[in-house]
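Breakdown of the fold
Spelled out, the chains give:
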Amino acid sequence: MAGADPASVRWAQSASILHSNGDALDIAVEGDRMVGVRGRASDRVNRGRLDPKDLFGWQANAAPDRLTRPLIRRDGHLVETDWDTALDHVAKRTRTLLREQGPEAIGFYTSGQLFLEEYYTLGVIAHAGIGTNHVDGNTRLCTATAAEALKESFGCDGQPGSYTDVDHADVIALFGHNVAETQSILWSRILDRLAGGDPPQLICVDPRPTPVAEHALVHLAPLPGTNVALMNALLHEILAHGWIDEQYIAVHTVGIDDLRACVADYSPEVAARICDVPAADIREAARVLGTARRLLSTVLQGFYQSHQATAAAVQVNNVHLVRGMLGRPGCGVLQMNGQPTAQNTRECGADGDIAGFRNWANAAHVQELADLWNVDAGRLSHDGPPTHAMQLFELAEQGSLQMLWVSATNPAVSLPELRRIRSILERDSLFLVVQDIFLTETAAVADVVLPAATWGEKTGTFTNADRTIHLSDQAVTPPGEARSDLEILLDYARRMDFRDRDGNPLVHWHDPESAFRAWQACSAGRPCDYTGLSYTLLRGGSGIQWPCPADRPEGTERLYADGKFWSRPDYCESYGKDIVTGESLGEAAYRELNPEGRAMIKAAEFHPAKERPSADFPFALITGRTLYHFHTRTKTARAPQLQGAAPQVWVEISIADAQEWDIAEGDLIEVTTPHGEIRARVRVSRIRRGVLFVPFHYGYWDADDPAHDRAANELTPTAWDPASKQPIFKTGAARLRLLERGTGPAPAPTTAASAPVDGSVPPTVCANALVVDRSV
Ligand SMILES: Nc1nc2c(c(=O)[nH]1)N[C@H]1C(S)=C(S)[C@@H](COP(=O)(O)OP(=O)(O)OC[C@H]3O[C@@H](n4cnc5c(=O)[nH]c(N)nc54)[C@H](O)[C@@H]3O)O[C@H]1N2
Ligand SMILES: Nc1nc2c(c(=O)[nH]1)N[C@H]1C(S)=C(S)[C@@H](COP(=O)(O)OP(=O)(O)OC[C@H]3O[C@@H](n4cnc5c(=O)[nH]c(N)nc54)[C@H](O)[C@@H]3O)O[C@H]1N2
Ligand SMILES: [Mo]
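An unreviewed UniProt entry lists the protein chain under the name Anaerobic selenocysteine-containing dehydrogenase, with Nocardia goodfellowii as the source organism.

This is the structure in structure tokens:
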């Protein structure tokens, strides 16, 4: 808040929008300008702490290149226009397509970064207004596997654990989760425990030397794509030693015999060969997991975006089920979220689910929604779940999807195999609407660009990874003519004149609070029950964890404390799938498997990935994040402290591989896969041998460097997990070629998993003094 006069500052309540941790903060406002942020000490999640992205990222709101007017494509160029022209054009195209092709010509691709009220409105417009099943979010790239793993094990989405489990656990196991860089405040909470009187033991499963790995008692660094083999060996050891809760298994679960039979074949030696991890380390990790008294596990993209994603994530749930470690302090599973509001996309049915964790395959659930919205159930029923993102793009490629409305996501950088994605987005047969705050790589090829007001400029609620709901108040006026995503959707609904069965407006709310109330009605009686909440309750104190039914407005800390699951056949969100093939089970099979609504132990054999290192492509390629940037950097590149700390793409390589290939810190290399190539400077790090890591933050819409040769997704394959349909960003094969010797170190941070082995690289500084430029 440097530069501001404390006396003239007012504070607006909010929470972080740059990760899923849900760190509560207040935005400082002077006049009508943001001048800083401070953590909210009263909040259960962060107790006042903030991470670097939160401390500096808000500056992007005031970037001079914000979109301030709608744009429309004329004669091949995007030109400024007014809202009436832009939205009438969109509404007219919608009506023409509905008349000539039907609802399935229209699709929506949204985000994990809007607010709950916006997703609910979008879901109602798409499903009940248009009647299309083509609705998904970038949550497909992010937490589709989290949701799927929860449905497969517990019958329903919903995080069993709570962040307070960190305070009680004696073992914390992190599976493919670099929490130190991606949820730094949760990591601070773990560091507090490590520095305290009764420190927990950490288990880390990650091929990179993350800060978590450095603090771990056991660090397992498997070859990418082999998580299932490793998990099966851990379960093999746990079962073989009888480190299980027989009573819990007998009373609360089904499926233990299948698991026993399956993991019998996965001795630590077998897994050691597949994963290239010492068998002794697997034994030691299994002992720690098996003898923990209070075990907390977290799972994230190292599992969700790797080969056999759902199958691997479900095995973590299995560890907790066989050990009876759920619903008690310190005993939790967090199938993590990544984006700040991903949980809400899922709850509201703006992704591949329907609203309120209802089951699309259960006619009674579809009827409930039809009754609530007062529309014909026939409009909402389909013979499959909502279309997944990769399929949306495939339909556009084939030409049957002719209008795609993209909100708050940048697929031209974040989807796999970008060469193909670009060609789809640029197709003449696709009418592309992009709703964003900047002219991104995706917006640049749109037919209509709608300028959104964002976090801090609009009011709404969102829910973090441990089910904590926060209110985010409007702090300042949006720039120019930018409008909140909710206002844009409401205006579109008015222009489309969507009506219910009685001829009344289908979307009958008019602002955030009335949208929230509409959602509350939809959530009533479902697991994500919000009926006990209100904006008033959420204002002033701490965030609150759902379920919050009317008789429990203080919320619920842990799920399944009573050993009862939301998995009864009539109530569950999904009838489940074969977690290896992805085939749906169907109602009859589910009723037979789980008539009483218990937790389900589901086993999975390991199968090797299709794309893996070979003579032509000798390295395993993985991609991911760094501490200082958020995704495609539309916000963090506009905060000088963050951009300065990680200004340009790099590629991490192990010491042994660097020696073998005669490559040194700072050299420029070309990385090639069967799908494309990029150029990047080399960071020699302690990453495991045989693996290259490239951060995916660096797109190609950059005035200083507009080339298509640095985005990690030039390299990734069009491939997804059969059960969750989440794209596989973390199991590929690559080769490299030296282009030019370096003259200095790679532009990679020294402070985290990308730390150099070369001690002479100057340390990364993320300036902590902040100067507000008052001249703008
Ligand atoms: N700083 C920062 N924080 C963020 C974000 C951001 O962009 N920047 N984004 C947010 C979002 S949306 C998300 S989804 C989360 C993601 O948070 P994380 O999942 O923690 O981040 P990633 O870097 O994608 O991947 C985590 C780790 O997976 C490991 N990994 C790769 N392949 C494998 C494998 O096959 N097996 C195993 N066991 N591990 C593997 C990588 O080495 C990496 O360290 O972060 C959130 N927080
Ligand atoms: N190779 C590789 N690819 C990956 C991943 C990986 O690990 N490796 N991770 C995947 C994951 S987990 C994720 S979550 C995705 C993220 O991928 P994206 O969603 O494409 O990334 P973002 O940069 O967060 O894009 C969000 C967009 O929304 C805009 N925006 C921000 N706030 C608002 C708002 O309030 N309203 C509107 N309308 N727009 C707004 C931003 O300017 C930005 O353009 O990437 C995925 N892609
Ligand atoms: Mo994500």
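Strand order in the open sheet formed by 5 strands is β10-β9-β8-β12-β13, with parallel pairing between adjacent strands. The two strands at the open ends of the sheet, each matched to only one other strand, are β10 (218-220) and β13 (332-335). Averaged over all pairs of adjacent strands, the angle between strand axes in this sheet comes to 10°, irrespective of strand direction. Inspection of the sheet shows strand β9 (residues 201-205) paired to β10 by 3 bridges, in the parallel sense. Opposite V205, over in β10, you have L220 as the bridge partner.

Geometrically, the link from W546 to P547 is a cis peptide bond, its omega value of 0° lying close to zero. The residue N374 is not glycine, and still its phi comes out positive at about 55°. Along the polypeptide, N374 turns up in the loop between α17 (363-373) and α18 (377-380). Given the relative accessible area of 17%, N374 is considered buried.

Next up on the list: the packing of helix α2 (residues 83-100) against helix α22 (residues 485-496). At a minimum axis separation of 10 Å, α2 and α22 run at an interaxial angle of 55°. Accordingly, the angle class assigned to the pair α2 and α22 is oblique. The crossing of α2 and α22 is right-handed. Each of W83, D84, L87, D88, V90, A91, T94, R95 and L98 in α2 lies in contact with α22, whose residues at this interface are I488, D491, Y492, R495 and M496.

Okay, the state of the cysteines next. Using the criterion set out here, one finds 0 disulfides in the structure. The closest cysteine sulfur to the non-disulfide-bonded C548 is located on C528, 11 Å from its own sulfur. By relative accessible area, which is 0% here, C548 ends up buried.

Helix length check: α2 (18 residues) gives 26 Å between terminal C-alpha atoms against 26 Å at 1.5 Å per residue, within 8%. W83, A86, L87, V90, A91, T94 and L97 are the residues of α2 that are buried. Burial along α2 is one-sided: seen end-on, the buried residues are contained in an arc of 125°. Among the exposed residues of α2, those pointing more than 90 degrees away from its buried face are K92, R99 and E100. For α2, the side-chain oxygen to backbone nitrogen distance between the N-cap and D84 is 3.3 Å, and the N-cap itself is D82. Looking one or two places after α2, you find G102, whose phi comes out positive at around 95°.

Every one of the 33 residues lining ligand 1 counts as a neighbour, but T182, D206, S306, R625 and H629 are closest to it. Here a nitrogen atom of ligand 1 sits 2.8 Å away from a polar atom, N or O, in the main chain of T182. Out of a free accessible area of 920 Å², ligand 1 has 100% covered by protein chains. Secondary-structure elements contributing two or more residues to the shell around ligand 1 are α6 (179-182), α14 (301-304) and β22 (619-624). In terms of residues, the shell around ligand 1 owes the most to one element, α14, which gives 3 residues. In terms of residue class, the shell around ligand 1 is made up of 9 nonpolar, 18 polar and 6 charged.

On to the site of ligand 2, then. The full set close to ligand 2 counts 34 residues, and Q113, N138, S414, D436 and T632 are the nearest of them. At a separation of 2.6 Å, an oxygen atom of ligand 2 approaches a polar side-chain atom of N138. Contact with the protein chains removes 99% of the 910 Å² of surface that ligand 2 exposes when unbound. Those elements that provide at least two residues to the shell around ligand 2 are β15 (431-436), β16 (448-453) and β22. For the shell around ligand 2, the class distribution of residues is 11 nonpolar, 17 polar and 6 charged.

Cut-offs and rules
Residues numbered from 1 in each chain as written. Chains lettered and ligands numbered in written order. Predicted model: local features only at pLDDT ≥ 70, side-chain atom pairs only at ≥ 80, totals over all residues. Heavy atoms only, no water. Pairing = 2+ DSSP bridges. Helix = DSSP H or I, 4+ residues; strand = E, 2+ residues; numbered from the N terminus. Axes fitted to C-alpha atoms, helices over the stretch in contact; angles between N-to-C directions. Buried < 20%, exposed > 50% of the residue type's maximum accessible area, 1.4 Å probe, protein only. Parallel < 35°, antiparallel > 145°, perpendicular 65-115°, else oblique. Left-handed = near helix turned anticlockwise from the far one by under 90°. Contact = heavy atoms within 4.5 Å. Disulfide = S-S within 2.5 Å. Expected span 1.5 Å × (residues − 1). Arc of directions from axis to C-beta. Polar contact = N/O pair within 3.5 Å; in protein donor to acceptor, adjacent residues only side chain to side chain. Near = heavy atom within 4 Å. Areas by Shrake-Rupley, 256 points an atom, 1.4 Å probe, with all protein chains shown as cover. Nonpolar A, V, L, I, M, F, W, Y, C, P; charged D, E, K, R; others polar.

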